[in-house]
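Geometric and topological summary
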Amino acid sequence: MKAIVLAGGYATRLWPVTKHRPKMLLPVGDSTVIDRILADLESDDRITDVFVSTNERFADDFKDHLAASSYQNVSLTVEETNEEDEKFGVVGALAQLVDREELGDEDLLVVAGDNLISFDISAFIDHFEQYGDPTLAAYDVGSLEKAKSYGLIETEGDEVVDFQEKPSNPKSTLVSIACYAFPADAIRFEEYLSEGNNPDEPGWFIQWLVGNGTVRSFTFDEAWYDIGTPESYLEAVGWELEGENVVAEDATIENTTLGDNVHVLSGAEVVNSSLDNTVVFPNATIVDADIRNSIIDKDTHIESLDLAGALIGAHTQLTNGG
C-alpha cells in the first residue's frame, strides 16, 4: 500500500499566520500536525511509500522540513499552483498525482494533512483489509450545525448506505474525516472526473463511489480535530497539552503567569504578562500584556495590551495606543 498526505491547502481562515507557512507545520505540543500523521504511517510496514502533496508556494517549506527529519519512505510531490484560485480541487489534484507518480496499481491510503486524529492508522488499515472495499474514517461531531461543514454518512453496520457532501439539512452527526483507503480497482479519479463530476472536495468522489459499489466506514470515538480555524487549532493544542505548558529552553519568561495550554517557542520573550490558551511563536516579545485564546506569530512585539481571541501576524508591532 502507498499513502498520500494532502498538504496543498492555503489555509486562508488562519491568515496571516498561515499566509507564508503551511498549517500542517504548525506546532502541536512537541510535534507538528503533519508529523503525527507521517510518524504513524511510517510505523506501519504495509505502507511502502508516503507522498506529501503540496503546492509550489509551500514546496520549499516541506522540502526543508523533510530534509531535517528522519523519515525513510516519505517524499514530496508538488502540484503546479501558487494561489487558492489556481487549485485543481482535491480530486483533480489526486488524479494528477496518481498519474505523475505512476500510482494506481496498489492499494492507496489518502489522509488530509491537517487532520489531528487520535486513532491508530494501523487499526484503520486492518479494518480496510478485512473487507477490501473503499473505507473511510467516520466521527460523530455531536452537532447538526457542525455536520453541515462535512460529508455526512449513513451506515448499516459498517457499510455506508448514503453519503451527502456538506448537506444544508443534516439528518445525523456522523461525518467523514478525510481519511480514506482505496483498493487499487477503486482508484477511479479520472473516470469520475471524465463524467463531469465535482473536482473539489473528496467527499463528492466518495458519494459517487457509494452509488457505484460498497463503501465501508471505520467509526472511532477518540479525539479528532480538523485544523482549519484559529479556534480548532487552539483546541488541538489544548487537547495535546492537557492543561500543561510547553516553554522552549531558550525562551525568556519573567514575572509572568502562565495559565493552561500555553506554548512559548524558541527565542520568545514574555515579561510582566499573563498568558492562557495561547501559542507564542519564535522571537516574539510580549511585555505588560494579558493574552488569552490567541496565536502570536514570530518576531512580533506586543506591549501594554489586553488581547482575547487574537490572531497576530509576523513582524507586527502592537502597543497601547499604537
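Further up the page is the structure itself.
All values reported here derive from a predicted model rather than from experimental measurement.

1. Observations regarding the pattern of salt bridges
Counted under the stated rule, the structure contains 15 salt bridges. For the salt bridge of D114 with K23, the shortest nitrogen-to-oxygen distance reads 2.7 Å. One end of the pair, D114, is in the loop between β6 (108-112) and β7 (115-117); the other, K23, is in the loop between β1 (2-6) and β2 (27-28), and 91 residues separate them in sequence. Judged by its relative accessible area of 12%, D114 falls in the buried class. Among the salt bridges present, the one from E145 reaches K148, with a minimum N-O distance of 3.3 Å. For K148, a relative accessible area of 32% puts it in the partly exposed group. Residues joined in a network through salt bridges with shared partners are D44, R46, D126 and E129.

2. Considerations on the layout of surface pockets
The computed volume of the largest pocket comes to approximately 1400 Å³. Along the wall of the largest pocket there are 46 residues; nearest its centre are R13, K23, D114, Y150 and D226. Among the secondary structure elements, those contributing two or more residues to the lining of the largest pocket are α3 (90-100), β10 (159-165), β11 (174-182), α7 (202-210), β13 (224-226) and α8 (230-241). When residues of the lining of the largest pocket are assigned to their parent elements, the largest contribution, four residues, is made by β11. Tallied by class, residues from the lining of the largest pocket come to 18 nonpolar, 14 polar and 14 charged. Each pocket or cavity is described by its volume, and for the second largest pocket that value is around 270 Å³. Lining the second largest pocket we find 15 residues, and of these V17, H20, R21, D297 and K298 sit closest to its centre.

3. Topic: the sheet that holds strand β18 (residues 269-271)
Read across the sheet, five strands follow the order β15-β18-β21-β24-β27 without closing on themselves; strand pairing throughout is parallel. Of all the strands in the sheet, the pair left with one neighbour each is β15 (252-254) and β27 (317-319). When the angles between neighbouring strand axes are averaged without regard to direction, this sheet yields 0 degrees. Relative to strand β24 (residues 301-303), strand β21 (residues 285-287) runs parallel, the two sharing three bridges. Residue pairing in the sheet places V287 in a bridge with E303 of β24.

Conventions used here
- Residues numbered from 1 in each chain as written.
- Predicted model: local features only at pLDDT ≥ 70, side-chain atom pairs only at ≥ 80, totals over all residues.
- Heavy atoms only, no water.
- Salt bridge = Lys/Arg side-chain N within 4 Å of Asp/Glu carboxyl O.
- Helix = DSSP H or I, 4+ residues; strand = E, 2+ residues; numbered from the N terminus.
- Buried < 20%, exposed > 50% of the residue type's maximum accessible area, 1.4 Å probe, protein only.
- 1 Å grid on protein atoms, 1.4 Å probe; cavity = no way out; pocket = protein on both sides within 12 Å on 5 of 7 lines; lining within 4 Å.
- Points joined across faces, edges and corners; volume = space filled by probe spheres on them.
- Nonpolar A, V, L, I, M, F, W, Y, C, P; charged D, E, K, R; others polar.
- Pairing = 2+ DSSP bridges.
- Axes fitted to C-alpha atoms, helices over the stretch in contact; angles between N-to-C directions.

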